[in-house]
Every structure is written in C-alpha cells, then in structure tokens.
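Working through the structure, step by step
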Amino acid sequence: LEPGAAELLQSCLEKGCFQLSSDMSKIKGSEVILLTVTTPVDERLIPNMSLVEAAISDLQPHLSGGETILLRATVFPGTCEMIEQKLANLPALYLGANGSQNGHNGQHGQHGQHGQNGQNGQQGGSKFQRELSVGVSFCPERLASGQVVEELKQVPQIISGSTPRALSHALALFEPLSVDLVELSLLEAEVATLFLNAWRYVSFGTANQFYHIAVSKGLDFDKIRSAIIHRYQRAADFPRSGFTAGPRLYQDMMQLSAYCRHTFSLGNAAMLVNETMPDCLVEQARQKLAECGRNFKGLKCGILGMAFKPGSDDCSHSLAFKLRELLLREGAEVSCSDACVGEADFVSQEKLLEASEAVFIGCPHAEYKNISFPNHQFLFDCWGLARKPEITVFKAQCEKFLRVAVVGGAGHVGLPLSLVLADRGHTVVVVDKDAAKIESIQGGKFPFLEDGGPELLLRCLDSKQISFTTSVAEVSSCDVIIVTIGTPVNEHLNPCFSVVQACMEELAPNLRKGQTLLLRSTLFPGTSSRVLAGLPPGISVSFCPERIAQGKALEELTDLPQIISGSDGEALDHAKALFAPLSVDLIELNLQEAEVAKLFLNSWRYVAFGIANQFYHIATSKGLNFDRLRAAIVHRYPRAASFPRSGFTAGPCLFKDTMQLAAYCRHTFSLGHAAMLVNETMPDALVEQAKRQLAGRSLSGISCGILGMAFKPNNDDWRESLAFKLRKLLLWEGASLRCTDVYMQREGFVSLPELLAHGKILFLGCPHAEYQNISIRADQKLYDCWGFFAKPKLAISTPWS
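Residues numbered from 1 in each chain as written. Predicted model: local features only at pLDDT ≥ 70, side-chain atom pairs only at ≥ 80, totals over all residues. Heavy atoms only, no water.

**Let's talk about the sheet that holds strand E15 (residues 427-431)**
- On the basis of which strands lie adjacent, the open sheet formed by six strands has the order E16-E15-E14-E17-E18-E19 and parallel pairing. Strands at the two margins of the open sheet, each flanked by one partner only, are strand E16 (466-469) and strand E19 (540-543). Recorded for the sheet is a direction-independent mean angle of 20° between the axes of neighbouring strands.
- Note: strand E14 (residues 403-407) against strand E17 (residues 480-483), four bridges, orientation parallel. Note on E17: the bridge partner recorded for Ala-405 is Ile-481. (Pairing = 2+ DSSP bridges. Helix = DSSP H or I, 4+ residues; strand = E, 2+ residues; numbered from the N terminus. Axes fitted to C-alpha atoms, helices over the stretch in contact; angles between N-to-C directions.)

Here you go:
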C-alpha cells in the first residue's frame, strides 16, 4: 500500500523512463547504481554484512569505472568504507585531456593496465588525465511507509560521498526533487540514521514500559496518558504504547548497539520491553481469564490486524505473529484478520468477531475504530484503539474563596502558588520553619529567580491577602492545608516516607474535622492513602501535583491544566474551589492515578534526555561531533522535532521521580535505571574526554574552570546540580579549579572575568544565556556537552531556492 505509487508507476512505464530487469548486466552505462540492501542483525545481534558483500560481488563484473554505488538502506557504520576498500582493487577509468574516456577493458585500452598503453590510452601518465574510480555514496531514506511518494518531495535528504564525483552524483540525483540536501561524511551519515531510528525505538519503549507497569498495578495506562497530555505542551510528544516492530527500528537500534560494543544500555533495555509486549498481553489475558475461572485451553481467540503498523500491508517483523505463536502455545484456537493484508489463512473481520471469545488488537488499522465490541467478549488492546479512556475534564466555577495554609510555603513550589492563590482571592497563610527567609519575604525580597515574582509579592503584601508564620498551629483555622513536602529517595534509591510522616505528625494536633490536606509535591504511589490512614477521622486528603517549569510558575499556574484527586467528595470539592479562580482545566483522577501520572511524566522526560546523552557518549567515543549529527537529523524533519539535546540532566525532580517509579515496580524499570547510569555519568564523560585529549598527561595542577553551577540554564537553583559533581571529579584529579555562576555567589566562586583569565581548560556546567558571547582564547580548551557553543557547519544545498 503506497498512495499515489500505482499511478506514478503507470506514468513512468508509459513514458519509457523506467525499466525493470533481473539481468544485472543492465547496469552498464549507469552513472549511479542505487543499492537497497541492508546489514541486518543476526540471532546474536551482530550485523550481517553478507548481503551487502554479495551485492557488491554481483555488481563488480559490470562496472566500467566512474560510477557511484549509492546505498539507500540503513547499514552498519563503516560499511561504506568496507565497500570502498573492496572496490579499490578494480581497474580505474581515465579521463583524457579532451574529455574522452579510456577504458580498462574496452577496445581502446585492452593492451595496457588502466588503459595506459592502449591506442587512446598512450597519455595515461599525462598530467591532463585523472583517475575515475568507482565511488560510494550513502544517502539514507527517512520516509514513512505509506507516505513515500509524498515525502520524497518534501523531506530533506542527507547525502554523502567517498569522492567529489560521488558527491556530485548524489547532488544531481536528488536535485530534481527540490528538497534540502544536507551533506555529511559517509560515517556521519551512517551513524545519524541509526541515532534517529534508535531514538524513536527507545521513545516507544518508554511508553511500553509504562504500559507494563500500569497493567501490573491494575491501572489504565491510556487514561493516565490522556490526563498527562491534555493541553500540556511539554508532553505533546508523549508516545502511545503498542507493538514497536517492522523492518527498521529494531534492526537499526541493534546495529547502533553493536557499533558501540553493546554498551547502548537504553537501546538494549528498550529491546527487552518492546519485544515482550505480546507476552505482556498474554499475561494480562491470563490474569483476566483466571478471575473468571477460565484458561487458554480451547479458548477461541482472534487477532485483529497483523501488519506491523496501522494503514500498512507490510507484515515483515510484525509482533502480531509473535502474539499468535504465544497464544497457540497456550492451547488457544487462533484466527487472524487484517483490513489491509489478504493472507490465505486469514479470515474476514466479521467472521473473527463473531467466532472469538477473546479479541487481541494486533494492529490498529483505522477500519477498526468504530467496531462495537460486546461486553461478554474479552478485549486486550495495548494500542489504546478500542475503548477511549474516560477522563473528567472541566473548569470549576469560582463560588467561594478559601482560607489556605501552605506548609513549606517559602520554597520554589510553595511561594509562587501562595502568591497566585492570594492574588486570585484566597486568604493565604504561608507556614515555613525558615524564620530568616520568612522575614526577608515579608520585607519584600523574593528569595529566588521567578519571572514576575518580586512584583507579585509586593502586590500581595499590599493587599493583606497573605500572611507569614513559622508556627504550624496557624493551620487550624484553614479550610485547606497545602503540603509541599514530597518523598525523597534514600541512598538505596528507595522512597523515604519519614519526611512526610514527620510533617504529618507535627500537623496532626492542629487539624480538625472538615479540613482537606492537599499534597502538592511528587509522592511515591500509595503515599496519599497512607497519609489518610494516619489522620484523625473527618479529615480528607487530596493530591494535586504541580507540573510547572521553574522560573515560569506564575505564568503556568494560570495556564496549564491541573490534575486533581481526592479521597472523598469533600476533598474534591476543596480542590475544585482552590483552583477555580485560576481558570484552568481541571482533570479528575483517583489518588493513585494522579501519583503515577506525575512519575510517568518526569520519568519519560528523564529517559528522553538520557537518550541524547547516550548518543553523546557514543559519538565522542567514536571521534564524531554529536551536535553536528543532531543538526543534520533535525533539519526541517518534522518527526525529529523533539529530538533532545544532550547536557546535564539534574535538579530536584527528574532523577528522584524516576527512581520512585523504579521502586514502585520493584526496580524492574530497566529504562529508568539505564537512563540514570547515563545521565549521572555525564560529568565523568567530560572528564574522560579531557584526559584523552591530554594524551596521557594528568589533570593534576592544570588550571580548570567550570562555567555555570545551577542545575538548569538562567536559574539560580543549584539543588542536585551535576556541575557540583563535575567539580568533585576535577578536584579528585588534582586540578586547580575555579567555579563561577552569573546567578549565584557561593563560597569559593570567582567572577567570570577571573575564571576566563586563568583557566586553561574550561567546562560548561550550565549554559546560562549570559555566556553566549564570551570569547575563548586559542590556548584554551572548552568542553561543552550541552551543544551551547556548538555552531555545527552543515553544507546544505537548497535546489528549490
């Protein structure tokens, strides 16, 4: 199935510009020979070069010299170089001063090697002649199956060539398509293609692992996902679950893994998740059947959709066939159907639905969207096709204002929320044990960087809608008590409940019936219910997670949807009344769904950053420039719009929340653990990179500097910043070290001019905007894993312009 392809084929045949042949000799006279064979991985996950080698051997007898062999399918990095070496033994063609060709086996040059002594080859050694060897080009296709005809004329084309002639052939070949042509070296082009497909494979793997976790906990992944992405721009690319299969993504991911000696931990973890999705469905079905006193033996099962992706008739590498094998092994009677594939042993959709006791969605073709599945029929769907998740989304009417206490209200989570609630009409009491900070805030000084924060603070102080105290006794007069304390992880990467428990014990004597305790920071799933169990009767619990970007809280609190949950109707009513004046969409979940949704969101982001960081590791270990490869991948390519940048992935949330999710599923969150090992070792990667370039010399005594110490750009928050880990590593190596940050002044920090004046080796710890225009001396070396200073120079041809 390829829209427009049949008509295009007929048109080309009628024009006579298109020929089909099984005779390899027909390639003679061609300037470009496109080769569409790939290097698949074998059962040991090692790339198999035999297909490419066999194709080159078949081509060799028919080459005349001067041609370009252009590889189109994904290949293992270094394949083009291997082909170059294989072709290097071929006699070359020479071009004389008059432009005539002097062949090695033709009538004009048959008596002399390379045509040098033939009738027209007598000037073979002349300075007017140049050798025309067979060139190699790699121009990967990055097109969506089913949209190829359209995308060939839209999507930028990466090109590369072993020689200027090979490159000019690639340019000439694609120039009529009027797309941008992005030039890379052969190796860069090979690796860029693997990076793109491996990134997509791991991204889908993250959603699939979330599906595994949700199912194991009796939760609805599709419902949680719908709540996460509803009008939330940072989650716009949050992937769906489903079978991640087909002829490319798995193969390309494993080729990348083999390229880095199988140290691609995120790819390997994603493979185990994606390849076991059929097993997950079977286990899900087994549990459901057991609840009804049934098993698979003799069960009439139907698999709806057998292609590897929706809207396609391609069944190659489809996991629906693995699902069929598993069901047959369990003793089930299995029938299969596909709206786009007409296999002899497939049945019609109607017959399958009529005969099946249990239906499994193998591929969610659009034709299946309106099927009504009867309630007595078991349905198992990891794609989220058959039954739309029901989430309650609404805007609450502002009917009353509340008296609100915010415990921990002087911090990054509590203070912006307190000010916005007070500014919108609630009476707010900020409770915080830090007396010095409370006094400073009462004096009109905002304690950290927050857009619009100082102005809003002064306005709220003037309005008398907000007050400050260090006494928890003040909560007794409030309707809602917001607690901004979460569950940190301990040294064993397990959630630590003691912090929340200590807070509850301190609050308990001051609570009264009818109040709602609203938990705001990330919690280990089940914490809200545990808190409720420890409270006096008559007190409700709500969990309403914050999903705000630090520094943008005042803007986003009145713009982004708010997830709410409650232990009872009283808690939900209080949550609705609290957020009603903010005029944002409210999304209602139960307590555990809301807790898990926050962990899924932050863990997905942590893994996404981990993919880019692992690509950075791989690229630098191979002497490649990751930022250059990334620039080529994302250039006007919509499917790579969210391809992340590398850099330090740190701060008080993402790592902690990922480890909490891992603990929630008994540390089976393999992608989270793999991302943790990648992200946490980025400072180590920079230090090792510097040591390699010192060619065996030690960092001891060398003057080094770290630019930026905050955990994220344009911010003054240093909590969990990996720049401090980098500092420890450099000091351990014996470096003479200076640190600076434009937003922080801490003991031992120096000014930016002083650091730049003395530092021989500079490391970018945090890419604040103020560093954009600094000048690095020729005798200084800069290590930047963020790509902040990188301005990759890509040669991009735009024929259409």
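**Considerations on the confidence of the model for the protein**
- When pLDDT is averaged along the protein, the result is 92; 95% of the residues meet or exceed 70.
- Note on residues 103-129: pLDDT under 50 across the span, and 39 contacts to partners over four residues away in sequence or across chains. (pLDDT = per-residue confidence, 0-100. Contact = heavy atoms within 4.5 Å.)

**A word on the nonpolar core**
- Formed by 211 residues in total, the largest nonpolar core has its most connected members in Phe-195, Phe-264, Leu-266, Phe-360, Leu-507, Phe-600 and Phe-615.
- Counting residues per element, this core draws most heavily on helix H6 (residues 186-216), which supplies 17 residues.
- Beyond its immediate chain neighbours, meaning those up to four positions away, Phe-264 contacts Ala-198, Val-202, Met-253, Leu-256, Ser-257, Gln-614, Phe-615 and Ile-618.
- Grouped together as the second largest cluster of nonpolar side chains are 39 residues, Ala-396, Leu-402, Val-420 and Phe-468 included. (Core = buried A, V, L, I, M, F, W, Y, C linked by side-chain atoms within 4.5 Å. Buried < 20%, exposed > 50% of the residue type's maximum accessible area, 1.4 Å probe, protein only.)

**Points about the packing of aromatic side chains**
- Counted according to the given criterion, the structure contains 25 aromatic pairs.
- Judged by centre distance (6.4 Å) and plane angle (55°), the rings of Tyr-201 and Tyr-250 are tilted. Of this pair, Tyr-201 sits in helix H6 while Tyr-250 is found in helix H8 (residues 249-259), placing the two residues 49 residues apart along the sequence.
- Every member of this aromatic cluster is reached through a ring pair, and the members are Phe-195, Trp-199, Phe-264, Phe-615, Tyr-616, Phe-626 and Phe-643.
- We note Lys-217 situated over the ring of Tyr-664; from NZ or CZ to the ring centre the distance is 4.5 Å. (Phe/Tyr/Trp six-rings, centres within 6.5 Å; stacked < 30°, edge-to-face > 60°. Lys NZ or Arg CZ within 6 Å of the ring centre and 35° of its normal.)

**Focus on the sheet that holds strand E7 (residues 157-159)**
- One open sheet accounts for three strands, arranged E7-E8-E26; its pairing is mixed. Either end of the sheet is taken by a strand with one partner, and the two such strands are E7 and strand E26 (795-797). Between one strand axis and the next, the sheet turns through 25° on average, direction left out of account.
- Across three bridges, the pairing between E7 and strand E8 (residues 181-183) is parallel. If you follow Gln-157 over to E8, its bridge partner there is Leu-181.

**Comments concerning the side chain of Glu-190**
- Relative to the assigned elements, Glu-190 resides in helix H6.
- Although buried, Glu-190 forms no salt bridge, and the nearest oppositely charged side chain, Lys-622, lies 11 Å from it.
- A distance of 3.0 Å separates the side chain of Glu-190 from the backbone nitrogen of Cys-80, its partner in a polar contact.
- The contact partners of Glu-190, leaving out residues within four places of it in the chain, are Val-75, Phe-76, Pro-77, Gly-78, Thr-79, Cys-80 and Phe-138. (Lys, Arg positive; Asp, Glu negative; His and termini not counted. Salt bridge = Lys/Arg side-chain N within 4 Å of Asp/Glu carboxyl O. Polar contact = N/O pair within 3.5 Å; in protein donor to acceptor, adjacent residues only side chain to side chain.)

**Quick word on the pairing of strand E6 (residues 135-138)**
- By the alternation rule, side chains of E6 split into Gly-135 and Ser-137 and Val-136 and Phe-138, which are all buried.
- When strand E2 (residues 68-71) meets E6, the two strands line up parallel, connected through four bridges. Within E6, the residue paired with Thr-68 across the bridge is Gly-135.

**Details of the environment of Ser-521**
- In this structure, Ser-521 sits in the loop between strand E18 (516-519) and helix H17 (527-533).
- A residue is classified by how much of its surface remains accessible, and Ser-521, at 11% relative accessible area, is buried.
- Linking Ser-521 and Leu-756, residues 235 residues apart in sequence, is a C-alpha distance of 39 Å.
- Once residues lying within four places of it in the same chain are set aside, the contact partners of Ser-521 are Val-413, Val-483, Thr-484, Ile-485, Gly-486 and Phe-543.

**As for the pairing of strand E9 (residues 300-304)**
- Burial runs high along E9: four of the five residues are buried.
- Of the crossover connections in this fold, the one passing from E9 over helix H11 (residues 319-329) to the parallel strand E10 (residues 333-337) is right-handed.
- Sheet analysis places E9 next to strand E11 (residues 358-361), joined by four bridges and oriented parallel. Paired with Gly-302 across the two strands is Val-359, which belongs to E11. (Right-handed = clockwise from strand over helix to strand, strands pointing away.)

**Details of the side chain of Lys-598**
- Looking at the element boundaries, Lys-598 is found in helix H20 (residues 591-621).
- The residues touching Lys-598, leaving out its near neighbours within four places in the chain, are Thr-522, Pro-545, Glu-546, Arg-547 and Asp-657.

**Regarding the pattern of salt bridges**
- Taken as a whole and assessed by the stated rule, the structure comprises 24 salt bridges.
- One salt bridge in this structure joins Arg-234 and Glu-556, with 2.8 Å as the shortest N-O distance. In this pair, Arg-234 sits in the loop between helix H7 (221-229) and H8 while Glu-556 sits in helix H18 (residues 553-556), placing the two residues 322 residues apart along the sequence.
- The exposure class of Arg-234 is partly exposed, given its relative accessible area of 31%.
- Note that Arg-286 and Glu-283 form a salt bridge whose closest N and O atoms lie 2.9 Å from each other. With Arg-286 and Glu-283 both in helix H10 (residues 277-291) and three residues apart, this pair spans about one turn of that helix.
- The exposure class assigned to Glu-283 is partly exposed, which follows from its relative accessible area of 36%.
- When salt bridges that share partners are traced, they join Arg-231, Lys-395 and Asp-585 into one network.

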